[in-house]
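Breakdown of the fold
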Amino acid sequence: MLVSLCKTKIGRLRIIAFLEGISLILLLFIAMPLKYLFQYPRPVQLLGSVHGALFLLFIVNTLSTGIEQRWRFRTTTWKVLLACIIPFGTFYIDRQILRKQ
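Since the model is a prediction, treat every value here as computed from it, not as a measurement.

1. Observations concerning the environment of Ile16
Along the chain, Ile16 falls in helix α2 (residues 9–38). On the basis of relative accessible area, Ile16 is assigned to the buried category, the value being 10%. Considered as a pair, Ile16 and Asn61 are 45 residues apart in the sequence and their alpha carbons are 8.5 Å apart.

2. Structural notes on the pattern of salt bridges
Applying the stated criterion to the full structure yields two salt bridges. With its nearest N and O atoms 2.5 Å apart, the salt bridge here joins Asp94 to Arg14. Of this pair, Asp94 sits in helix α5 (residues 89–96) while Arg14 is found in helix α2, placing the two residues 80 residues apart along the sequence. Its relative accessible area of 13% is what places Asp94 among the buried residues. A salt bridge links Asp94 to Arg99, with the nearest nitrogen and oxygen atoms 3.6 Å apart.

What counts and what doesn't
Residues numbered from 1 in each chain as written. Predicted model: local features only at pLDDT ≥ 70, side-chain atom pairs only at ≥ 80, totals over all residues. Heavy atoms only, no water. Helix = DSSP H or I, 4+ residues; strand = E, 2+ residues; numbered from the N terminus. Buried < 20%, exposed > 50% of the residue type's maximum accessible area, 1.4 Å probe, protein only. Salt bridge = Lys/Arg side-chain N within 4 Å of Asp/Glu carboxyl O.

Written out as structure tokens, the structure is:
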């Protein structure tokens, strides 16, 4: 399944969306408690950087995919972009828009 997703632009965007969502979960529920409950900030530094990179990668790939697929900005692209700002929105947008493309 993963190999078939890598073959299309939307498939790659779905993978990035999933990874971005997972990185947020790890950051919020593992790294942040380690930092604030156990004074161990290193996981936040590492996962924060990974999450930030995936966030930017998601934005760039969303715009690129939107152009290639000729998504109308007002109906599709802005919703996908908004998904990466709302916590766990990438999982929702995958189910509602990306999986159907």
